[in-house]
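Observations on the three-dimensional arrangement
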Amino acid sequence: MIGLISATAAGAAARDRLAAAWPERTRVYEGPVADAVRAAFAECEQLVCFLATGAVVRLVAPLLGDKRTDPGVVCVDEGGRFAVSLVGGHGGGANELAGEVAEVLGARPVVTTATDAVGLPGLDTLGFPVEGDVAAVSRALLDGEPVALRAELAWPLPALRTGGEGAYTLRVTDRAVEPAEREAVLRPPSLVVGVGASKGAPVDEVLGLIHRSLEGLSPLSVAHLATVDAKAEEPGIVAAAERLGVPLVTYPAGELARIDVPNPSEHPLAAVGTPSVAEASALYEGGELLVPKRKSAMATCAVVRRPARGRLAVVGLGPGARDLLTPRAKAELRRASVLVGLDQYVDQIRDLLRPGTRVLESGLGAEEERARTAVAEARAGHAVALIGSGDAGVYAMASPALAEASDDIEVVGVPGVTAALAAGAILGAPLGHDHVSISLSDLHTPWEVIERRVRAAAESDLVVTFYNPRSRGRDWQLPKALALLSEHREPSTPVGVVRNASRPDESSRLTTLGELDPAWVDMMTVVTVGNTATRNIAGRMVTPRGYRWQASQEDAQ
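The numbers attached to residues start from 1 for each chain and follow its sequence in the written order. For this predicted model, a pLDDT threshold of at least 70 governs which residues receive local features, and a threshold of 80 or more governs which side-chain atom pairs are given and counted, while totals over whole chains, interfaces and linings are taken from all residues. For the side-chain quantities, the full set of heavy atoms in the structure was used; hydrogens and water were omitted.

This next bit is on the pairing of strand β9 (residues 168-172). Burial analysis of β9 places five of its five residues in the buried class, the great majority of the element. Each residue is placed in one exposure class: buried if its accessible area under a 1.4 Å probe, protein chains only, is under 20% of its type's maximum, exposed if it is over 50%, and partly exposed if it falls in between. In this text, helices come from DSSP runs of H or I with a minimum length of four residues, and strands from runs of E with a minimum of two, each type numbered from the N-terminal end. Residues Tyr-168, Leu-170 and Val-172 line one face of β9 and the alternating positions Thr-169 and Arg-171 line the opposite face, and both faces are buried. Pairing of strand β8 (residues 147-151) with β9, which is carried by five bridges, proceeds in the parallel orientation. From the neighbouring strand, Ala-151 faces β9, where its bridge partner is Val-172. Any two strands between which DSSP finds at least two bridges are classified as paired.

Pasting the structure below:
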């Protein structure tokens, strides 16, 4: 919950705007400001104070305890011009909150955390526990001093300006090592602990067995506890997961029974239907069995190091305008240590990449090569972003990449605004009912297949958006496709032509099927042809949501 505190009428007005935008996330604290701040600090994960920073500093200073647990505090000035991350930039999420508040209020976010200011990820923001001389290593990264990366596990990390030898070290390991001087240790979630227990097994016994099994390994690298479904509510196991601060994952006994384990037993087979609980549940996702089954009086435990998998994010950049690039896409670009993409798309977002991001760019016609490169980089353990225009899954890079990828890497799809949607918003509402997108490029698809699809769309009375409609070497396909549609639609059918949707040189026109000149169209254009219900209303292309609505409108006239 986010606590909102204000002291003036202007502050209250801005406060109420934020409360209206986030009704489920916020709580307004009334009354004397000092009392409101104390109450919100004790009850909320974050605070937004519509007060001067000096006043908030004095109010929260006596309340501060530990930056890892204190709420994040953001200040908004009287004029609503700035949202300042004041306390808990990373641990309390104030840096991110300042950006969100600024977006709602039309203000400017102010973040003074050093790593954020220069585009480097803070070591405490990578999603992994971190130990050791974090401040010194972070300072060395900021100052550009050599920081050696010693990754015992090939876990995907964002660009960190590390490499080679240096006086400072960033180590990635799940072993129970003590950080050396000038060393920070990242603990990736590489360990899975399988647990079995008799009914009523005490939590202290279960937890003690887990800690003994983890000897030489760091509990901070435990991703989750795993067990059989029948033990999903066993109090000792549930409480052990809670005390370790990790999820409890359960699997059906029949699936665990199919996993080959070194130490099967008749007892769990009779009790819950599988010859192994601890080893089988730990091995369910694959990996290396580091600690075979160990037993106490009422519990069993096994530890597996799951394979470190690279990460491939397939990112849609939208139609070109920066404000149509989604926040999720921006976050994935910042997370990547390797970017793969068409050179002209890389140029669109190069400023969003973190310093040190490795960029692998190529020209037109190399889609399959880019897909293979991105998958190979992910298999090498990197965090990779493969970019495409619009939505990466629509005539873009997701298909060739996923055809190359297997289950040895993590794949994340990031949707984007498509050219058809961007063009539709410019034209009006042409996609208000059933519609289809068809590419007229026969470079990869035989024209016979394309023609069959156009005929089906024409006969089905679907609104059609044509991608790749016309180029210098392919100038007959669009007239042919329009002729096929004309067999089922009147010459007066509205047609929208949009070139470079959302970009600075955007242009559009609304015409008809009978009047469209293919010479207006090139590869940077999308052409949207209406169905029999589509109308030109006040210069806008509108397809009604239903034919009954259209009929009632005509009857009313």
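More follows now that the structure is in view.
We call a set of buried Ala, Val, Leu, Ile, Met, Phe, Trp, Tyr and Cys residues a nonpolar core when their side-chain atoms join them within 4.5 Å. In terms of nonpolar packing, the biggest core is built from 22 residues, with Val-193, Val-206, Ile-210, Leu-214 and Leu-225 touching the most fellow members. Among the elements of the structure, β11 (191-197), α7 (203-213), β12 (222-228), α8 (235-244) and β15 (299-305) are those that each provide at least two residues to this core. With five residues, α7 is the single largest residue contributor to this core. Residues within four places of Leu-225 in sequence aside, it is in contact with Val-193, Val-195, Ile-210, Ile-237, Ala-240, Ala-241, Leu-244, Val-246, Pro-247, Leu-248 and Val-249. Counting 21 residues, the second largest nonpolar core, distinct from the first, contains Leu-478, Leu-485, Val-495 and Val-527. Here, two residues are considered to be in contact whenever any of their heavy atoms come within 4.5 Å of each other.

With that settled, consider α8. Along α8, the positions that sit buried rather than exposed are Gly-236, Ile-237, Ala-240 and Ala-241. Seen along its axis, α8 keeps its buried residues to an arc of 135°; they face one direction. Opposite the buried face of α8, by more than 90 degrees, sit the exposed residues Pro-235, Glu-242 and Arg-243. Residues of α8 that are buried sit in contact with β11, α7, β12 and β13 (248-251). Where α8 terminates, the next one or two residues include Gly-245, which has phi positive at roughly 75°. This arc is built from the directions going out from the helix axis to the C-beta atoms.

A few words now on the sheet that holds strand β24 (residues 494-499). Either a parallel or an antiparallel arrangement is found when strands of a sheet pair, and the pairing is made through backbone hydrogen bonds. As summarised here, the arrangement of the five strands in space is β22-β23-β26-β24-β25, forming an open sheet in which the pairing is mixed. The outermost strands of the open sheet, each flanked by one partner alone, are β22 (435-439) and β25 (507-512). Across the sheet, the mean angle separating the axes of adjacent strands is 15° when strand polarity is ignored. Interaxial angle, 0 to 180 degrees, is taken between N-to-C directions of lines fitted to C-alpha atoms, where a helix line uses only the stretch in contact.

Turning next to the packing of aromatic side chains. Pairing of aromatic rings covers Phe, Tyr and the six-membered ring of Trp, with a centre-to-centre limit of 6.5 Å; geometry is then stacked below 30 degrees between planes, edge-to-face above 60, and tilted otherwise. Here the structure, examined in full by the defined rule, presents three aromatic pairs. Consider the rings of Tyr-251 and Tyr-284, whose centres lie 3.8 Å apart with planes at 15°: the pair is stacked. Remark: Tyr-284 occurs in the loop between α11 (278-282) and β14 (288-295) and Tyr-251 occurs in strand β13; sequence separation between them is 33 residues. Looking at Tyr-284, the relative accessible area reads 33%, which means it is partly exposed. A centroid spacing of 4.7 Å and a plane angle of 50° characterise the contact between Tyr-395 and Tyr-467, whose relative ring orientation is tilted. A residue pair is termed long-range when its members are at least 10 positions apart, and Tyr-395 in the loop between β19 (383-388) and α15 (398-404) and Tyr-467 in strand β23 (residues 463-467) qualify at 72 residues. Owing to a relative accessible area of 44%, Tyr-395 belongs among the partly exposed residues under this scheme. On the basis of relative accessible area, Tyr-467 is assigned to the buried category, the value being 10%. A ring has a charge above it when a Lys NZ or an Arg CZ is no more than 6 Å from the ring centre and no more than 35 degrees off the ring normal. Of note, Arg-25 hangs over the ring of Trp-22, and the distance from its end group to the ring centre comes to 4.3 Å. Note that Arg-509 overlies the ring of Trp-520, its terminal NZ or CZ placed 3.9 Å from the centroid.

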